[in-house]
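One-letter residues, chain by chain:
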Amino acid sequence: MRQRFFYLFVLATLLVSCSGGKVKYRIGISQCSEDIWRDKQNAELRMGAYFHDNVELKFAAAYDSDERQVQQIDSLMNDGIDLLIVAPNQVQTISPAIDRAYDKGIPVIVFERKTSSQKYTAFISADNYEMGRVMGEYIVEKLKSLKIEEGHVLEIKGLEGSSPAIERHNGFMDAIKDAPGIKVVGSLQGDWTEPTAYESTKQWLLNNKDVRVDLVFGANDRTAMGARKALANSKLYTLNSTLYCGIDGLPGENGGIQLVRDSLLDASYIYPTHGDQIIELAVNILEGKPYEKETMLMSALVTRDNAKVLLMQSEELMRQADRLDLLHDKADNYLHKLDVQRVVNWLAIGVIILLLVAIVLFYLYHLSKVNIRRERVVNNLWNLGSTESIELTENTEKPTAIADIPEEDPKKETEPLFITRFREVVERRMTNSELSVEDLAAEMNLSRVQLYRKVKALTGSSPVELLRIARLNRAYQMLLTTDKNVSEVAYDVGFSAPAYFTKCFKDEFGMVPGEVRKSS
Ligand code: FRU
């Protein structure tokens, strides 16, 4: 019984603690590469997920490999994600995998880099063509301001086949095509990485020793910096004679804004990461709320004029974000403690309920025992057919017992009358501790043996037993109704030794006389 209670209780506790959990949205994030721009964005994606306790993120980075990204998208799909966020490495190559996810009914958010297919739920990015164009216009103006007759520009492109590389290049070319005095002296592969840009530039310099480079336009800041290193190492150029422009304009240590402030780059363009906004979009889609299918993110040029202010502001924002992070950790801790506390509370409540139930059960049991004993005091063994001993020998038929009564019974009284008389005699004389069965028999005008047989036949008990029970019953009543102590009661009902009285009392009622006092 006790064990069953325990299991029920544990089950209830588990149910209560489990019911606190919510449905999880599993969002798969397929990043085409891994670098400081992606690191910042991933941190923002995580931050965005903090605000939704029903969201779980699964990250995968393809390190610029088409093959790896396709595999990763397939395995995210097999993991049962509810939504896919993807930056496709190249436009054509990743599309089939994205299509597979979309066809399977998984909503797809394409961000920052485009797919060749229309199978996506939403697209979010800054305008890469516009970025290239604005940067082109800036470069035209810059070279004009330097009064260089024919500005020589070396372009370092992003990964071939990736949409930002194509669009930035197109925007840049459109901006400079009609500008007089600008010449693109080389257009090199940079693959978005500093080492590739460095190698490409190094090779180009070997083959173009006599070509002057006034400005390098890198499709991103890292490729601009790769070219810068190559030019610096070539000894053909003094560092200050060439300007470097890139795109990304990241805040923080070694980010584009700092590079512009410190004059390592002449300009950059903020390519917004906005991971938290992407998560908001994802949650809106998952929860069936309204959302924009195409979102264009705002962006801005970073020059020496605004780099210092931008950096200060971004540092302040980062400090705030760090503090928010800390706050989140604290809140997490607190929530965890609350969870533990809740389980402990339920356990405590369970234990208290169990204890209360046990106390009530014990009390009821005790009460019923006392009632049975009280009943026995009232309906004592004097009543034929209701005696304990007769109950115990239920199958012993009364006629047989009566048949045992010897013929020589002189009085031939009716049975109840005989018992009533015998009872009166016992009740009257029981206080005498010297009282013997012979005395009782004499009072009933019977021999000791006759009395024994008749009483035994009618009640199932011997005269001595009945005398003892009568004494005990009276003692019970006295304990309930008088202030006399146990010894006084014992003597009053005819026991010559209180210790013997206590023993008989316990045998009869299952408790010592003192307990009757307490329970009354
Ligand atoms: C980051 C990055 C950025 C660039 C963008 C283009 O992985 O290489 O530097 O602006 O991707 O998609």
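All values derive from a computational prediction rather than experimental measurement.

Calculation notes
Residues numbered from 1 in each chain as written. Predicted model: local features only at pLDDT ≥ 70, side-chain atom pairs only at ≥ 80, totals over all residues. Heavy atoms only, no water. Core = buried A, V, L, I, M, F, W, Y, C linked by side-chain atoms within 4.5 Å. Buried < 20%, exposed > 50% of the residue type's maximum accessible area, 1.4 Å probe, protein only. Domains from an automatic or database assignment. Contact = heavy atoms within 4.5 Å. Helix = DSSP H or I, 4+ residues; strand = E, 2+ residues; numbered from the N terminus. Pairing = 2+ DSSP bridges. Right-handed = clockwise from strand over helix to strand, strands pointing away. Expected span 1.5 Å × (residues − 1). Patch = residues over 30% accessible without salt bridge, like charges linked within 9 Å, V, L, I, M, F, W, Y side chains within 5 Å. Areas by Shrake-Rupley, 256 points an atom, 1.4 Å probe, with all protein chains shown as cover. Salt bridge = Lys/Arg side-chain N within 4 Å of Asp/Glu carboxyl O. Phe/Tyr/Trp six-rings, centres within 6.5 Å; stacked < 30°, edge-to-face > 60°. Lys NZ or Arg CZ within 6 Å of the ring centre and 35° of its normal. Near = heavy atom within 4 Å. Polar contact = N/O pair within 3.5 Å; in protein donor to acceptor, adjacent residues only side chain to side chain. Nonpolar A, V, L, I, M, F, W, Y, C, P; charged D, E, K, R; others polar. Axes fitted to C-alpha atoms, helices over the stretch in contact; angles between N-to-C directions. Parallel < 35°, antiparallel > 145°, perpendicular 65-115°, else oblique. pLDDT = per-residue confidence, 0-100.

A.B. asks: Explanation requested: the nonpolar core in the structure shown.
C.D. replies: The tendency in soluble globular proteins is for nonpolar side chains to be buried side by side. Membership of the largest hydrophobic core comes to 45 residues, with the highest contact counts inside it found for I27, I85, I109, M135 and I139. Shared between two domains, this core takes at least three residues from each, and those domains are domain 1 (20–125 + 274–296) and domain 2 (128–269). Residues within four places of I139 in sequence aside, it is in contact with V153, F172, I182, L215, F217 and C245. One finds I156, A197, Y244 and L311 within the second-largest nonpolar core, a separate group that totals 21 residues.

A.B. asks: Mind showing me how you'd approach the pairing of strand β3 (residues 83–86) here?
C.D. replies: Moving residue by residue along a regular strand, the side chains alternate between the two faces of the sheet. Burial along β3 is two-sided: the face carrying L83 and I85 and the face carrying L84 and V86 are both buried. Pairing of strand β1 (residues 25–31) with β3 involves 4 bridges; the strand directions are parallel. Across the sheet, residue S30 finds its bridge partner in β3, namely V86. Of the crossover connections in this fold, the one passing from β3 over helix α4 (residues 95–103) to the parallel strand β4 (residues 108–111) is right-handed.

A.B. asks: Just to check I follow, could you spell out helix α6 (residues 163–176) for this structure?
C.D. replies: The periodicity of an α-helix, 3.6 residues per turn, causes residues three or four positions apart to be oriented the same way. With 14 residues, α6 should cover 20 Å at 1.5 Å per step; its first-to-last C-alpha distance of 20 Å lies within 8% of that length. All of the buried residues along α6 are S163, P164, A165, E167, R168, G171, F172, A175 and I176. Buried residues along α6 sit in contact with α5 (128–145), β6 (151–157), β7 (182–189) and β8 (215–218).

A.B. asks: Explanation requested: a nonpolar patch on the surface in the structure shown.
C.D. replies: On the surface, V351, I352, L355, L356 and I359 cluster together into a nonpolar patch covering about 480 Å² of accessible area. Here I359 is to be found in helix α11 (residues 307–378).

A.B. asks: Would you mind going over the pattern of salt bridges with me for this structure?
C.D. replies: Two side chains carrying opposite charge are able to pair once their charged atoms lie near each other. By the definition in use, this model includes 28 salt bridges. With its nearest N and O atoms 3.7 Å apart, the salt bridge here joins R342 to D339. In this pair, R342 and D339 both sit in helix α11, 3 residues apart, roughly one turn of the helix. Linking E438 and R448 is a salt bridge whose minimum nitrogen-to-oxygen distance equals 3.3 Å. Here the residue E438 occupies a position in helix α15 (residues 437–443), and R448 occupies one in helix α16 (residues 448–459), the gap between them amounting to 10 residues. In this structure R448 comes out as partly exposed when scored by relative accessible area, which is 44%. Salt bridges sharing partners connect three or more residues here, namely D35, R222 and D248.

A.B. asks: How should I be thinking about unusual backbone geometry in this particular structure?
C.D. replies: For residues besides glycine, phi is generally negative; the peptide bonds are generally trans as well. Phi angles above zero are rare outside glycine, and E112 is one such case at about 70°. Note on placement: E112 falls in the loop between β4 and β5 (122–126). E112 sits in the buried class, given a relative accessible area of 5%. Look at H274: it is not a glycine, yet its phi comes out positive at around 45°.

A.B. asks: Would you mind going over the packing of aromatic side chains with me for this structure?
C.D. replies: The description of an aromatic ring pair rests on the distance of the ring centres and on the angle between the ring planes. Per the stated rule, a full pass over the model turns up 9 aromatic pairs. Pairing F172 with F217 gives two aromatic rings, centres 4.5 Å apart and planes at 35°, and the pair type is tilted. In this pair, F172 sits in helix α6 while F217 sits in strand β8, placing the two residues 45 residues apart along the sequence. Residues F172 and F217 agree in their burial class; the two are buried. When the ring centre of F59 is taken as origin, the NZ or CZ atom of R46, which lies over that ring, is 4.5 Å away. Sitting over the ring of F418, K454 keeps its end group 4.5 Å from the ring centre.

A.B. asks: Explanation requested: α4 in the structure shown.
C.D. replies: The complete set of buried residues in α4 reads S95, A97, I98, D99 and A101. Summarising the contacts, the buried residues of α4 are in contact with α3 (66–78), β3 and β4. With its phi angle positive at about 95°, G105 sits one or two positions after the end of α4.

A.B. asks: For this particular structure, what's the right way to read the environment of A224?
C.D. replies: Tracing the backbone through its elements, the reader meets A224 in helix α8 (residues 221–234). What makes A224 buried here is its relative accessible area of 0%. Distance in space between the C-alpha atoms of A224 and S268 is 9.7 Å, their sequence separation being 44 residues. The residues touching A224, leaving out its near neighbours within four places in the chain, are G218, Y244, C245, G246 and L265.

A.B. asks: Help me out: how do you make sense of the site of the ligand in this one?
C.D. replies: Every one of the 13 residues lining the ligand counts as a neighbour, but D35, R38, E112, R113 and D248 are closest to it. Within the side chain of S33, one N or O atom sits 3.2 Å away from an oxygen atom of the ligand. Contact between the ligand and R222: an oxygen atom at 3.1 Å from a side-chain N or O atom of the residue. For the ligand, the accessible surface in isolation is 310 Å², of which the surrounding protein chains cover 100%. Secondary-structure elements contributing two or more residues to the shell around the ligand are α2 (36–50) and α6. Class assignment for the residues of the shell around the ligand results in 4 nonpolar, 2 polar and 7 charged.

A.B. asks: How should the packing of α3 against α4 be read in this particular structure?
C.D. replies: The axes of two packed helices give the description: the angle between them and the distance between them. It is at 9 Å that the axes of α3 and α4 come closest, and there the two elements cross at 10°. Comparing the axis directions of α3 and α4 gives the class roughly parallel. Listed contacts from α4 to V70, I73, D74 and M77 of α3 are A97, I98, R100 and A101. Along the lines of polarity and charge, the residues of the contact of α3 with α4 split into 6 nonpolar, no polar and 2 charged.

A.B. asks: Sorry, what's going on with the environment of T242 here?
C.D. replies: Relative to the helices and strands, T242 resides in the loop between α8 and β9 (243–245). Remark: the alpha-carbon pair of T242 and V213, spanning 29 residues in sequence, is separated by 6.3 Å. Here the side chain of T242 touches V213 through a polar contact of 2.9 Å, landing on its backbone oxygen.

A.B. asks: Teacher, can you tell me more about the confidence of the model for the protein here?
C.D. replies: A residue-level look at the protein finds 86% of positions with pLDDT of 70 or above and a mean pLDDT of 87. Contacts for the low-pLDDT stretch residues 8–20, under 50 throughout, to residues beyond four places or in other chains number 11 contacts. For the stretch residues 384–411, pLDDT sits under 50, and the model shows 30 contacts to residues farther than four places along the chain or on other chains.

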